[in-house]
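# Descriptive analysis of the structure
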Amino acid sequence: MESSLRLVPKSSEKFASVSDTANSLGLHDTLTYGPRNLATEVKSTGGLKDRLENWEETQDMTKFTMLRNTFGMHAPMRLLMERKLVNSAPSFPGIPQSNLHLDILMGRDELIEPADIFLGMETGPSIDSRRELEKKYRV
């Protein structure tokens, strides 16, 4: 667990240049590294996409660091253990599952998201519960 009080996820620089794949003459070494691909050399995505993908993880790490600094190491470990226990609760296949306990532990109980309205049933409910059980238990 990274100990930082970062509010915004750090941006990650992911691009390669010719200097990384250059031979002794300063040219791209095609035999060793394959054909040159300009898509990897040009940074096409901005930092916003990376920040949005890592937003919840960064917020959790900040929350855990503050808990550890305030209450000690047991507080974040207890929360992580509770999340793991609640997340691994068994469910009956074919019946939509709403994990309210996990939402409460993660602080998402006051948010309204599309998953709260549709319950993950965008494709429609599965009618054949026997097939779902066979798939789950590999019978």
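The shown structure was predicted, so the numbers you read here are calculated from the model rather than taken from an experiment.

So, about the overall build of the protein. Along the protein, the regular secondary structure elements total eight helices and zero strands. Reading the protein from its N end, one meets helices and strands in the order α-α-α-α-α-α-α-α. Within the protein, the proportion of its 139 residues that are buried is 16%. Here the contacts in the protein between residues at least 6 apart in sequence split such that 55% fall between residues at least 24 apart. Carbon and sulfur atoms make up 59% of the accessible area of the protein, which totals about 11,300 Å².

Our next topic: helix H5 (residues 74-87). Its 14 residues place the ends of H5 20 Å apart at the C-alpha level, agreeing with the 20 Å of an ideal helix rising 1.5 Å per residue. Residues of H5 that are buried include every one of Ala75, Pro76, Leu79, Arg83 and Val86, and no others. For H5, the buried positions fall inside an angular range of 95° around the axis, keeping them on one side. Opposite the buried face of H5, at more than 90 degrees from it, the exposed residues are His74, Arg78, Lys84 and Leu85. Elements in contact with the buried residues of H5: helix H4 (55-71) and helix H6 (100-106).

This part covers the pattern of salt bridges. The final tally for this structure, using the stated rule, is three salt bridges. Arg78 is the salt-bridge partner of Glu82, the closest N and O atoms lying 3.2 Å from each other. Of the two residues, Glu82 and Arg78 both sit in helix H5, four residues apart, roughly one turn of that helix. Given the relative accessible area of 23%, Glu82 is considered partly exposed. Note on Arg78: relative accessible area 51%, which makes it exposed. A salt bridge links Asp103 to Arg108; the shortest N-O distance between them is 3.1 Å. For Arg108, a relative accessible area of 23% gives the class partly exposed.

Analysis parameters
- Residues numbered from 1 in each chain as written.
- Predicted model: local features only at pLDDT ≥ 70, side-chain atom pairs only at ≥ 80, totals over all residues.
- Heavy atoms only, no water.
- Helix = DSSP H or I, 4+ residues; strand = E, 2+ residues; numbered from the N terminus.
- Buried < 20%, exposed > 50% of the residue type's maximum accessible area, 1.4 Å probe, protein only.
- Contact = heavy atoms within 4.5 Å.
- Areas by Shrake-Rupley, 256 points an atom, 1.4 Å probe, with all protein chains shown as cover.
- Expected span 1.5 Å × (residues − 1).
- Arc of directions from axis to C-beta.
- Salt bridge = Lys/Arg side-chain N within 4 Å of Asp/Glu carboxyl O.

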